[in-house]
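Spelled out from the first residue to the last, the chains are:
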Amino acid sequence: MDKFNLSTLITEKQIQEKILEIGKKITQQYQGKEDVVAICVLKGSFMFYSDLIRAIDCDLACEFFGVASYHGEIKSSGEVKITLDLNHPVEGKHVILIEDIVDTGLTMSYLIKNIKARHPKSLTTATLLLKPGALKTKVDLDHVGFEIGNEFVVGYGLDYQGLYRNLPFIAQVQNMN
Ligand code: 5GP
């Protein structure tokens, strides 16, 4: 399991506490609102998404949006490819867009632009992790779990060469390549 010598950066307990906090805020924000849709950005955010939507106490529909920007490598290509489009229109809906990590911000910017072009009634963004030092563009983020450095991280949905998505915590990869 520890082929790349992992060191824990954010524990399972820290993640779960943060999710309850964000879930409470989103619940308050969406009190009394109808037509709420939570979008999971695949693949990386599936774990954060499934925990976060369970911490949101309101009626919501689930949608999945597949995008690829890293192609299993460690540097952002800057290109975003849609691998799975939304199943239903989000026009007139209150959309919560849930991402795993914002690094350069290019993917999230693209996603925001893409969703806005579909005319939702409102758009709220949430990301578990943010690398403020790596941002290449300004991104509107409403909920951020943790700010981290520029290190490459895995676990809790995030992979390195297809591995480590199943870890319940976030770890740093020590010896890459
Ligand atoms: P951005 O477009 O903000 O540079 O990158 C966003 C995407 O790159 C994320 O959704 C994620 O798939 C990937 N990514 C960015 N940083 C990391 C990282 O530290 N670890 C992993 N596993 N993926 C990352």
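One numbering rule holds for all chains: residues counted from 1, following each sequence as written. Only residues with pLDDT of at least 70 get local features here, since the model is predicted, and only at 80 or more are side-chain atom pairs given and counted; chain-wide, interface and lining totals rely on the full set of residues. As a rule here, side-chain values come from all non-hydrogen atoms in the structure, and water together with hydrogens is ignored.

A. Here's a closer look at the nonpolar core. Only buried Ala, Val, Leu, Ile, Met, Phe, Trp, Tyr and Cys residues count toward a nonpolar core, and they belong to the same one when joined by side-chain atoms within 4.5 Å. Each residue's exposure class comes from its accessible area (1.4 Å probe, protein chains only) as a fraction of the maximum for that residue type: buried when under 20%, exposed when over 50%, partly exposed otherwise. In terms of nonpolar packing, the biggest core is built from 28 residues, with Leu52, Leu129 and Ile170 touching the most fellow members. Helix numbers and strand numbers start at the N terminus; a helix is a DSSP run of H or I with at least 4 residues, a strand a run of E with at least 2. Elements with a contribution of two residues or more to this core: α1 (12–29), β2 (36–42), α2 (46–54), β5 (94–102) and β6 (122–130). When residues in this core are grouped by element, the largest group, five residues, is from α2. If we skip the residues at most four places from it in the chain, Leu52 touches Ile19, Ile22, Gly23, Ile26, Ile98 and Ala126. Here, two residues are considered to be in contact whenever any of their heavy atoms come within 4.5 Å of each other.

B. Looking closely at the packing of aromatic side chains. Pairing of aromatic rings covers Phe, Tyr and Trp, the last through its six-membered ring, and needs centres within 6.5 Å; plane angles under 30 degrees mean stacked, over 60 mean edge-to-face, and all others mean tilted. Summed over all chains, the structure comprises two aromatic pairs. Judged by centre distance (5.7 Å) and plane angle (70°), the rings of Phe152 and Tyr160 are edge-to-face. The residues Phe152 and Tyr160 share a single accessibility class, namely buried. We call a charge positioned over a ring when the NZ of a Lys or the CZ of an Arg lies within 6 Å of the ring centre and within 35 degrees of the ring normal. Above the ring of Phe146, the side-chain terminus of Lys18 is found at 5.3 Å from the ring centroid. Positioned over the ring face of Tyr30 is Lys33, at 5.3 Å from the centre of the ring.

C. Main features of unusual backbone geometry. Of note, the bond from Leu42 into Lys43 is cis; its omega dihedral lies within 30 degrees of zero at 0°. Relative to the assigned elements, Lys43 resides in the loop between β2 and α2. Its identity is not glycine, yet His119 carries a phi of approximately 55°, on the positive side. Mapped onto the secondary structure, His119 falls in the loop between α3 (106–116) and β6.

D. The arrangement of the sheet that holds strand β1 (residues 6–10) in detail. When DSSP locates at least two bridges between a pair of strands, those strands are taken to pair. With antiparallel pairing, the three strands of this open sheet are ordered in space as β1-β9-β8. Looking at which strands have only one partner, the edges of the open sheet turn out to be β1 and β8 (153–154).

E. Representation of the environment of Thr127. Following the sequence through the fold, Thr127 ends up in strand β6. Thr127 sits in the buried class, given a relative accessible area of 0%. Sequence separation between Thr127 and Leu84 is 43 residues; the distance between their C-alpha atoms is 20 Å. Here Thr127 is in contact with Phe48, Glu99, Asp100, Ile101, Val102, Leu141, His143, Val144 and Gly145, once residues within four sequence places are set aside. Separated by 2.9 Å, the side chain of Thr127 and the backbone oxygen of Leu129 make a polar contact. Under this definition, polar contacts are N or O atom pairs within 3.5 Å; protein pairs additionally need one hydrogen-donor-capable and one acceptor-capable atom, and for neighbouring residues in sequence, both atoms have to be side-chain atoms.

In short, the description is geometric, and any link to function would need to be established separately.
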